[in-house]
Each structure stands twice: as structure tokens, then as C-alpha cells.
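Chain residues, written in single-letter form:
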Amino acid sequence: MKATIFDIERNSYVDGPGIRTTVFFKGCNLRCAWCHNPESQSALPQMMFYKNKCTGCGKCKEKCPNHLESCELCGKCTIYCPHDAREICGKEYTVDEVMREILKDKVFYENSGGGVTFSGGECMLQIDFLEEILKACKQNGIHTAVDTAGNVPFECFERILPFTDLFLYDVKCFDSEKHKRYTGAANELILSNLEKLLKTGRSVWVRIPIIPSVNDDEKELQHIRAFLRSCKYPEKVELLPYHAMGEHKYAAIGKEVKMFSVPSEEKMSKLKKIFL
């Protein structure tokens, strides 16, 4: 069994408690306008070209079997580029291969109360692999977290509930039309799944990306708070300010980036008080 992974990030402090390894699955069924990992959206491996790193030396064209007229993802251009201007995003891994990476830092998980977080893209789109890797982590005594947007059948949650210690659950917008406009999908399934998940008693952190002009008004967040209070309230609610660190990746995969502003500290402080 294999899954397509586009990154395995060690020593993460932002994807759950303690020191963590975050495994990023490729493929997503949302198209968030502010996505900071646009290379995660396609389920297939793809070539990324960072034009700002390229000096025009021609090594990539020289080594490419097709002279850059077409790409078979053979990787020769990435090997011979002296400036790392080309990179293949996405690689197939077996469960054992991913576990080998995870186990390298087991002592840090144990000392910090950390563990492993499976993210994306949407990791639950590769549910068979996700279930097996979660089982392997639990067999090795490793804390597990699943970072999800929740736009999958609830049966996917039921399959992994016994092996998942924490869910990091994204809520983008409460208004369904607005959600569809900015992510490409309505949110009825997402909110329904969140309500069901909270009722299971599992540890859940709701994470809300704050995007100016999209969901940064108090009314929108008050609707989300009211919804959460109507359910079993999550263990934690995190408000995550929009950042522009992923904007250079859009050009690397040939996509146009939609620009948003970064919310001020004063704005974030005001919005966080809604959930106190």
C-alpha cells in the first residue's frame, strides 16, 4: 500500500502539542483562495519551477530527455540544476517508509508530549493508507493527530477514531455560500461531520484561518461560536492569521495567486476575545 506524500516536516511546533513530525498528503477536494500549500491540491506528483532561482545555465534542458518540451517527471533536471530551481513535488511512500521517518524523532515526542500529525492537502482522501499508518503509530506508542477540513464522508472518521488522539479541524466560514465562493465547496457536510465528531468525545481543536475581507468580521465568527456552543464545545479554538509565505509556490506550479492582506495584531486580539 502506498500514498502520495509531498513533505515530511520534522521538529514542528504548530500542528498539535509538543514537538511533532507532520506528514503532508498530496491531494485536496477544496480550493481555498488563500491556500498556502497550492502544491498540495493536485493528487499527482508535479514539477515545480522557481524562476527566481534560475540563472539560465541550460543544464536542465541539456539533461532532460525531452529538452523541456514535455515532462515525464524523471527528475534529471532536478539533479543537475545547480541552483535548485526545479523540484518534483510528491512521491509515493509505503507505510514502512513513512514510519522509518517518524520513528527517528520518537525520543523528542516522548520528552515533549508531542507526536505525529497527518495533514495535507486532505489526508483523509487517502483513507486506507491513513488508517494503516495511524495503527502503526499507535503500536509504537506515538501520539497521533489528524489535520482535516472535514469534507469527506463521516465513515472516514469512524475508521480512524480508534487510532487518533487529536483532530485538528478547519472551519473556514459559517456562511455556506461564502464558503463555496472561496473554497469551491459548500460547508454543510463539514459542519455536520464536526458536530458528529465532537459528540464522540474525541479531543478536537477547531482552527479558523482569519482571512481579511472573507471571514474576519465579528458576525461571521459569532456564528461559528454559536454553532460550536450548540455542539459539544471543542477542547480548543485557534484563530490562525493569514500569511503570505506560500505565495511564491503559485508561480512555481504555473498558477495565479490571489492576494490577501495580513490581519493586524489588534484585529486578531479582538477576534480571539469572541471565543473566550
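Scroll up to find the structure.
The structure contained in this document is the topic of the report that follows. Just so you know, these numbers come straight off a predicted model, no measurement behind them.

### Section: the overall build of the protein chain
Alright, step 1. When helices and strands are tallied, the protein chain shows 11 helices and 10 strands.
Alright, step 2. For a compact globule of 276 residues, the expected C-alpha radius of gyration is about 19 Å, and the protein chain comes in at 20 Å, within 12% of that figure.
Alright, step 3. Considering only C-alpha atoms, the protein chain reaches an extent of 60 × 45 × 35 Å along its principal axes.
Alright, step 4. Here the analysis covers contacts within the protein chain between residues at least 6 apart in sequence; of these, 70% occur between residues at least 24 apart.
Alright, step 5. When the accessible area of the protein chain is evaluated, it comes to approximately 13,600 Å², of which 50% is carbon and sulfur surface.
Alright, step 6. Each charge sign in the protein chain was given a centre, from 39 positive and 38 negative side chains, and these centres are 1 Å apart.

### Considerations on the sheet that holds strand E1 (residues 2-12)
Alright, step 1. Reading across from one edge, E5-E1-E2-E6-E7-E8-E9-E10 is the order of the eight strands in this open sheet, with mixed pairing throughout. Every interior strand has two partners, whereas the edge strands, strand E5 (91-94) and strand E10 (236-241), have only one. When strand polarity is set aside, the average angle formed by the axes of neighbouring strands in this sheet is 30°.
Alright, step 2. Seen against the sheet, helix H9 (residues 218-230) touches strand E9 (203-210) and E10 and runs at an angle of roughly 170° to E9.

### As for unusual backbone geometry
For residues other than glycine, phi is negative in most cases, and the peptide bonds are mostly trans.
Alright, step 1. In this structure, Gly 121 follows Gly 120 across a cis peptide bond, with omega equal to 15°.
Alright, step 2. Tracing the backbone through its elements, the reader meets Gly 121 in the loop between strand E6 (115-119) and helix H5 (127-139).
Alright, step 3. Within the chain, Leu 68 stands out as a residue other than glycine whose phi angle is a positive 65°.
Alright, step 4. Relative to the assigned elements, Leu 68 resides in the loop between helix H1 (59-63) and helix H2 (76-80).
Alright, step 5. For Leu 68, a relative accessible area of 36% gives the class partly exposed.
Alright, step 6. Positive phi is not limited to glycine here, since Leu 73 has a value of about 55°.

Parameters and conventions
- Residues numbered from 1 in each chain as written.
- Predicted model: local features only at pLDDT ≥ 70, side-chain atom pairs only at ≥ 80, totals over all residues.
- Heavy atoms only, no water.
- Helix = DSSP H or I, 4+ residues; strand = E, 2+ residues; numbered from the N terminus.
- Rg over C-alpha atoms; globule rule 2.2 N^0.38 Å.
- Contact = heavy atoms within 4.5 Å.
- Areas by Shrake-Rupley, 256 points an atom, 1.4 Å probe, with all protein chains shown as cover.
- Lys, Arg positive; Asp, Glu negative; His and termini not counted.
- Charge placed at Lys NZ, Arg CZ, Asp CG, Glu CD.
- Pairing = 2+ DSSP bridges.
- Axes fitted to C-alpha atoms, helices over the stretch in contact; angles between N-to-C directions.
- Buried < 20%, exposed > 50% of the residue type's maximum accessible area, 1.4 Å probe, protein only.

In short, geometric facts, not functional conclusions.
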